[in-house]
Amino acid sequence: VDHMSYNTTMEAMKILEARNYSGVVSSHNFLRDKETNIDRVFKLGGMAVTFNGSPSDIAETMQSKKAQMEKYDFEIGVGVGTDIQGLVAQTMGDDGYVPVYPFKSVDGTVTFTEPKIGNRDIDFASEGMAHIGLFAEWMDNFHKVSEERGDGSYEIFMNSAEAYLQLWARAEAAAIE
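Residues numbered from 1 in each chain as written. Predicted model: local features only at pLDDT ≥ 70, side-chain atom pairs only at ≥ 80, totals over all residues. Heavy atoms only, no water.

1. Concerning the overall build of the chain
Turning to step 1, where the next piece is worked out: Helix and strand counts for the chain stand at 7 helices and 8 strands.
Turning to step 2, where the next piece is worked out: Seen through its C-alpha atoms, the chain measures out along the principal axes to roughly 55 × 30 × 30 Å.
Turning to step 3, where the next piece is worked out: In the structure as shown, the chain presents an accessible area of about 9800 Å², 53% of it carried by carbon and sulfur atoms.
Turning to step 4, where the next piece is worked out: Both charge centroids of the chain, one from 15 positive and one from 28 negative side chains, sit 6 Å from each other. (Helix = DSSP H or I, 4+ residues; strand = E, 2+ residues; numbered from the N terminus. Areas by Shrake-Rupley, 256 points an atom, 1.4 Å probe, with all protein chains shown as cover. Lys, Arg positive; Asp, Glu negative; His and termini not counted. Charge placed at Lys NZ, Arg CZ, Asp CG, Glu CD.)

2. Here's the deal with the nonpolar core
Turning to step 1, where the next piece is worked out: Ranked by internal contacts, the top residues of the largest apolar core, which has 22 residues, are M62, W138 and F142.
Turning to step 2, where the next piece is worked out: Elements that contribute at least two residues to this core include exactly α2 (35–44), α3 (55–69), α5 (135–149) and α6 (153–158).
Turning to step 3, where the next piece is worked out: In contact with W138, other than residues within four places in its own chain, are G53, S54, P55, I58, V80, T91, M92, F124 and M129.
Turning to step 4, where the next piece is worked out: One finds M13, L16, V24 and V41 within the second-largest nonpolar core, a separate group that totals 6 residues. (Core = buried A, V, L, I, M, F, W, Y, C linked by side-chain atoms within 4.5 Å. Buried < 20%, exposed > 50% of the residue type's maximum accessible area, 1.4 Å probe, protein only. Contact = heavy atoms within 4.5 Å.)

3. Looking at unusual backbone geometry
Turning to step 1, where the next piece is worked out: Backbone torsion omega between Y101 and P102 reads -10°, so that peptide bond is classified as cis.
Turning to step 2, where the next piece is worked out: Mapped onto the fold, P102 is located in the loop between β4 (80–81) and β5 (103–104).
Turning to step 3, where the next piece is worked out: Phi at N20 is positive, roughly 50°, even though this residue is not glycine.
Turning to step 4, where the next piece is worked out: Here N20 is to be found in the loop between α1 (6–19) and β1 (25–26).

4. Some remarks on the packing of aromatic side chains
Turning to step 1, where the next piece is worked out: Tallying each qualifying case throughout the model produces 8 aromatic pairs.
Turning to step 2, where the next piece is worked out: Residues Y97 and F124 carry aromatic rings whose centres are separated by 5.9 Å and whose planes lie at 80° to one another, so their mutual orientation is edge-to-face. Residue Y97 is located in the loop between β4 and β5, and its partner F124 is located in helix α4 (residues 124–127); the two are separated by 27 residues in the primary sequence.
Turning to step 3, where the next piece is worked out: Ring centres of Y101 and F103 lie 5.7 Å apart, and the angle between their planes is 40°; on these two criteria the pair is classed as tilted. (Phe/Tyr/Trp six-rings, centres within 6.5 Å; stacked < 30°, edge-to-face > 60°.)

5. With respect to the side chain of S105
Turning to step 1, where the next piece is worked out: Within the secondary structure layout, S105 lies in the loop between β5 and β6 (111–112).
Turning to step 2, where the next piece is worked out: One polar contact links the side chain of S105 to the main-chain amide nitrogen of T109, over a distance of 3.3 Å. (Polar contact = N/O pair within 3.5 Å; in protein donor to acceptor, adjacent residues only side chain to side chain.)

6. Description of α3
Turning to step 1, where the next piece is worked out: For α3, with 15 residues, the first-to-last C-alpha span of 20 Å sits near the 21 Å given by 1.5 Å per residue.
Turning to step 2, where the next piece is worked out: If you follow the buried residues of α3, they end up packed against α2, β2 (47–48), β3 (50–51), β4, α5 and α6. (Expected span 1.5 Å × (residues − 1).)

7. What to know about the pattern of salt bridges
Turning to step 1, where the next piece is worked out: Within this structure, the stated rule accounts for 9 salt bridges.
Turning to step 2, where the next piece is worked out: Three or more residues joined by partner-sharing salt bridges are found here, namely E60, R149 and D151. (Salt bridge = Lys/Arg side-chain N within 4 Å of Asp/Glu carboxyl O.)

8. Some details on the confidence of the model for the chain
Turning to step 1, where the next piece is worked out: Summing up the model confidence of the chain, the mean pLDDT is 87 and the portion of residues at 70 or higher is 93%.
Turning to step 2, where the next piece is worked out: Looking across the chain, the model is least confident in β4, with a mean pLDDT of 78, and most confident in β6, with 95. (pLDDT = per-residue confidence, 0-100.)

9. Some thoughts on α2
Turning to step 1, where the next piece is worked out: Across the 10 residues that make up α2, a large majority, 7, are buried.
Turning to step 2, where the next piece is worked out: Those residues of α2 that sit buried are N37, I38, D39, R40, V41, F42 and L44.
Turning to step 3, where the next piece is worked out: Taken together, the buried residues of α2 touch α1, β2 and α3.
Turning to step 4, where the next piece is worked out: One or two positions beyond α2, positive phi appears at G45, with a value near 90°.

Here is the structure:
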């Protein structure tokens, strides 16, 4: 619903609500200033992700969305809409976060080394997500923020794929009826 005009979104939401259709996704969080509409998405079992930002900002937004989602009997998961395709400036890490290389993925199966493009070193601390390959650094920063805050933001993010799969299963079931 993110690329629709406001009036079109409102008409689409009326149709979705009349059909109790769960397959509505706000993948860029363009509804972010319209909390009532995000609540309508969650009430249907849809998903509204948070848009590109620093790990601390994303953790804060996830807590807000989690509070909205908890009112309904659907899986809780909030993804991040990075919109990486060259049209949107990408985020920086949090002030003070400097990746220490090599570092491992949270599950310990992947080792990340300092990123390079050709002969050029990429400094995440000063350049942020210069390309999608630096999402690992962003995730490391995000995981540390979640641990420091103790708010479970990382778990909410990691559960977003399951929440989406359940949304899709409901959408498919509704399409068959």
